[in-house]
Amino acid sequence: MKFKDAIPVLVLVIAVLYYQSNREDPADLALLNATYDYIIVGAGSAGCVLANRLSEDPDSSVLIIENGGSEDENENISLPICPAEVQQSKQDWRFQTVPQKKACLALRDRRSAWPRGRVLGGTSSLNYMQYIRGSRHDYDGWAREGCTGWSYRDVLPYFIKSEDVQIPELQKSAYHGKGGCLSVSDGTATPLNKKVYARAMEELGYPTIDCNGYCFAQETVKNGERCSTVKAFLRPAMGRKNLHVSMNSHVTKILIKDREAVGVSFVRNNRKHVIMANKEVIVSAGAVSSPQILMLSGIGPKEHLESKGIPVIADLPVGNNLQDHIMTDMEFYDNTTSATTTAKAMSPSAIIQYLATRSGILTKSQQEGTAFLMDDEKIPPQLQINFYSFTLTPNSIDLFLDNINLDPKMKEGKTKETQRNIDRNIGTFFVFPVLLRPKSKGTIALQSADPFDPPVIDPRYLEHTEDVKTLLKGVRNILQLGDTKAFQSIGASSQDPLEAYHPHCDGISKGSDEYWICRIRHYTFTVYHPTSTCRMGAKDDPTAVVDPELRVKGIQNLRVVDASVMRNVPSGNTNAPTIMIAEKAADMIRNIDSVKHIREKTDKV
């Protein structure tokens, strides 16, 4: 049985239990008003937070509009082990980049797959649930560049506000929150995490801490299920009479009159709807769709909009400054076969453990460890190393190839490689070097003035040579792991990554810089962290779309609140920073200070 076919057997059992305890979805029952105080476009990582916080005020009416449907329509979303199963599904926009010139050369048509959530919870319903805040230097850098109020000291209380940390050794930490909406749990899934990964990093001089150096993964999981923002923030608020949710609703335009946002137009059930906003329209559709919606509404680069026949309302650099984290793959051998496999995940013991106690490997993403490498402690790290304890088998190759859009011609070779490892009773695991501070910047553009056409995504991966050099450095760091006693104790070595099937670079001396640069340029994969396409900055900053209050420059009553406003991509996974941005934005919109009591404590640490 293939992994893609096997997992639903398990989730069907879980779904029966789940649906027995659930009521009708309030999002399906809401009758929409003609006007609301606040209209939120996008029920993703930021939008769900905003909907909760803004509707806390019973005197404010809130509408949140989502293009996709309920997260309950896909049972795989709830299972932490199943992120790969949700990609390419109905709940994924299934975006692709344009063909890349200097990267992704082994991918089909040189295009990178860009999964984005098209469902309540947005990409927090698809991602690998990693809870990483980034470096304090990221946010201090934002503040230095004109984003007043966004220093680390300013944002830390909002991280803490959201969090309900479940990791025992962190519950008394002044840097973590207890009792917030978002559950954060230990991501350790296999013995490899503590016995191999952590020890190997310690041998190289990186202690296990929270979290510069090596740290055990922290995941947004609660009671064995994914804790997406829809579960953490939106669902608990759906019973409020002043909050309505409109699903399966495709926003086509923000309505602007006399340089003031007054409402939105969207299509639901093949009918056009117009809803007016009494106070604000807030765009939270993500780093891909938020700039698309703004441009369709006449807010964006003048020449680009005119070329699509769209009247220009505000000439702003919308869609520019696109930043994303990228990685390449490196596999190591494991003669203890400790990494998770399809067979282990589908074993009766794993299923029974999950159903009985909501624990075990099914409750983990298997990306169980991470490390941040820096040359200078006064600046953000340049590299992240992710440890993913999953062994590819012949049955999982199709899913692997599809999700990363790898050239299908590689299927036969990858299948033979995985079968050979099985025949030798050898497991494998992945270690990924991640580029954190890309110098290559891309764009989101319109394909046409048709709001149903997908946007044109061009990240321009590796067009700046420094990015290649940094990733090469990351590769060399990972190869050092192969020479540690911890790795060697399970039969791993620095030669293992050279034996993996990467045919495009076979003619080059293996292990040389030239060889690894070939690998980096051919096997370039997104880490799913696009940001900065509606960049925040000072009012006089020509690169900025929004000011530090997240208000669109030159347009009244319009804000953008999501990863697109990030000044620069942070040093780590982007979901936790996006939630923080929404928490802070809600306070700015309501003109309150909900974290004063937290700030009084954090200012002392």
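Computed from a predicted model, the values in this text were never measured in an experiment.

Quick notes on the rules
Residues numbered from 1 in each chain as written. Predicted model: local features only at pLDDT ≥ 70, side-chain atom pairs only at ≥ 80, totals over all residues. Heavy atoms only, no water. Helix = DSSP H or I, 4+ residues; strand = E, 2+ residues; numbered from the N terminus. Rg over C-alpha atoms; globule rule 2.2 N^0.38 Å. Buried < 20%, exposed > 50% of the residue type's maximum accessible area, 1.4 Å probe, protein only. Contact = heavy atoms within 4.5 Å. Areas by Shrake-Rupley, 256 points an atom, 1.4 Å probe, with all protein chains shown as cover. Disulfide = S-S within 2.5 Å. Core = buried A, V, L, I, M, F, W, Y, C linked by side-chain atoms within 4.5 Å. Salt bridge = Lys/Arg side-chain N within 4 Å of Asp/Glu carboxyl O. Pairing = 2+ DSSP bridges. Right-handed = clockwise from strand over helix to strand, strands pointing away. 1 Å grid on protein atoms, 1.4 Å probe; cavity = no way out; pocket = protein on both sides within 12 Å on 5 of 7 lines; lining within 4 Å. Points joined across faces, edges and corners; volume = space filled by probe spheres on them. Axes fitted to C-alpha atoms, helices over the stretch in contact; angles between N-to-C directions. Phe/Tyr/Trp six-rings, centres within 6.5 Å; stacked < 30°, edge-to-face > 60°. Lys NZ or Arg CZ within 6 Å of the ring centre and 35° of its normal. Parallel < 35°, antiparallel > 145°, perpendicular 65-115°, else oblique. Left-handed = near helix turned anticlockwise from the far one by under 90°. Nonpolar A, V, L, I, M, F, W, Y, C, P; charged D, E, K, R; others polar.

## Details of the overall build of the protein chain
Working step 1: When its secondary structure is counted, the protein chain shows 20 helices and 25 strands.
Working step 2: Taking 605 residues into account, the globule formula puts the C-alpha radius of gyration at 25 Å, and the protein chain, at 23 Å, falls close to it.
Working step 3: With respect to the three principal axes, the spread of C-alpha positions in the protein chain is 70 × 55 × 55 Å.
Working step 4: Burial status across the protein chain gives 64% buried among its 605 residues.
Working step 5: Considering only contacts in the protein chain between residues 6 or more positions apart, those separated by 24 or more positions represent 72%.
Working step 6: About 23,100 Å² of surface is accessible on the protein chain, with carbon and sulfur atoms providing 49% of the total.

## Some points on the state of the cysteines
Working step 1: Within this structure, the stated rule accounts for 1 disulfide.
Working step 2: Paired through a disulfide, Cys505 and Cys518 show a sulfur-sulfur distance of 2.1 Å. Disulfide Cys505-Cys518: torsion about the S-S bond near -90°, hence left-handed. A residue pair is termed long-range when its members are at least 10 positions apart, and Cys505 in the loop between α17 (496–499) and α18 (513–522) and Cys518 in helix α18 qualify at 13 residues. By the burial criterion, Cys505 is buried, and Cys518 matches it.
Working step 3: Counting only cysteine sulfurs, Cys227 is the nearest neighbor of Cys82, a cysteine outside any disulfide, at a range of 17 Å.
Working step 4: With relative accessibility at 0%, the residue Cys82 sits in the buried group.
Working step 5: Cys227 forms no disulfide, and the closest cysteine sulfur to it belongs to Cys181, at a distance of 8.7 Å.

## Digging into the environment of Gly134
Working step 1: By secondary structure assignment, the location of Gly134 is in the loop between β4 (113–114) and α5 (136–144).
Working step 2: Sequence separation between Gly134 and Gly121 is 13 residues; the distance between their C-alpha atoms is 21 Å.

## Brief notes about the nonpolar core
Working step 1: Of all hydrophobic cores here, the largest spans 85 residues; its most connected members are Trp150, Leu234, Leu294, Leu550 and Leu558.
Working step 2: If one sorts the elements of this core by residue count, helix α19 (residues 575–590) sits on top with 9 residues.
Working step 3: Contacts of Leu234, omitting those with residues within four sequence positions, involve Ala43, Cys48, Ala51, Ile64, Leu120, Thr229, Leu243 and Val245.
Working step 4: The next biggest cluster of nonpolar side chains, apart from the first, holds 72 residues, and it includes Val196, Leu399, Leu472 and Tyr523.

## Focus on the pattern of salt bridges
Working step 1: Tallying each qualifying case throughout the model produces 26 salt bridges.
Working step 2: For Glu145, the salt bridge identified is with Arg567, shortest N-O distance 2.8 Å. Pair noted here: Glu145 is in the loop between α5 and α6 (152–162) and Arg567 is in the loop between β25 (558–560) and α19, with a separation of 422 residues, a long-range link.
Working step 3: One salt-bridge network, in which partners are shared between bridges, spans Arg53, Glu56, Lys161, Glu583 and Arg590.

## Brief notes about the pairing of strand β2 (residues 62–65)
Working step 1: Alternating positions in β2 separate into two faces, Val62 and Ile64 on one and Leu63 and Ile65 on the other, with burial throughout.
Working step 2: One ladder, built from 4 bridges, connects strand β1 (residues 35–41) with β2; its direction is parallel. Bridge assignment links Tyr38 to a residue of β2, and that residue is Val62.
Working step 3: Each parallel crossover has a hand, and for β1 linked through helix α3 (residues 47–54) to β2 it is right-handed.
Working step 4: Where β2 lies against strand β11 (residues 243–246), 4 bridges are found, and the strand directions are parallel. Among the inter-strand pairings, Ile64 is bridged to a residue of β11, identified as Val245.

## Some details on the layout of surface pockets
Working step 1: By volume, the second largest pocket amounts to about 420 Å³.
Working step 2: Along its surface, the second largest pocket is lined by 23 residues, and Asp138, Pro380, Arg437, Asn568 and Val569 are the ones closest to its centre.
Working step 3: For the lining of the second largest pocket, the elements supplying multiple residues, two or more each, are α5 and α15 (465–481).
Working step 4: If you tally residues by element for the lining of the second largest pocket, the top one is α5, at 5 residues.

## Looking at the sheet that holds strand β5 (residues 163–165)
The strands that make up a sheet are held in pairs by hydrogen bonds between backbone atoms, and each pair lies either parallel or antiparallel.
Working step 1: The 3 strands are arranged β5-β6-β8 in an open sheet whose pairing can be described as mixed. Looking at which strands have only one partner, the edges of the open sheet turn out to be β5 and β8 (218–219).
Working step 2: For strand β6 (residues 182–186) and β8, the ladder comprises 2 bridges, and the chain directions are antiparallel. Opposite Ser185, over in β8, you have Glu219 as the bridge partner.
Working step 3: Lying on the sheet, α6 is in contact with β5 and β6; it crosses β5 at an angle near 60°.

## Structural notes on the packing of aromatic side chains
Working step 1: Enumeration according to the criterion identifies 17 aromatic pairs in this entry.
Working step 2: Ring centres of Tyr197 and Phe429 lie 5.4 Å apart, and the angle between their planes is 55°; on these two criteria the pair is classed as tilted. Of this pair, Tyr197 sits in helix α7 (residues 192–203) while Phe429 sits in strand β21 (residues 427–435), and the two are 232 residues apart along the sequence. Phe429 shares its class with Tyr197; the two are buried.
Working step 3: A network of ring pairs unites the aromatic residues Tyr197, Tyr214, Phe216, Phe332, Phe387, Phe429 and Phe487 as a single cluster.
Working step 4: Directly above the ring of Trp93 sits Arg118, whose terminal nitrogen or CZ lies 3.9 Å from the centroid.
Working step 5: For the cation-ring pair, Arg424 lies above Tyr333, with the distance from its terminal atom to the ring centre recorded as 5.2 Å.

## Considering the packing of α3 against helix α8 (residues 229–237)
In a pair of packed helices, the angle between the axes and the distance between the axes together describe the arrangement.
Working step 1: Between α3 and α8, the shortest axis-to-axis distance is 8 Å and the interhelical angle comes to 30°. By the angle between their axes, α3 is roughly parallel relative to α8. The way α3 lies across α8 gives a crossing that is left-handed. Where α3 approaches α8, its residues Cys48, Val49, Ala51, Asn52 and Arg53 are matched on the opposing element by Thr229, Val230, Phe233, Leu234 and Ala237.
Working step 2: In the contact of α3 with α8, the residues fall into 7 nonpolar, 2 polar and 1 charged.

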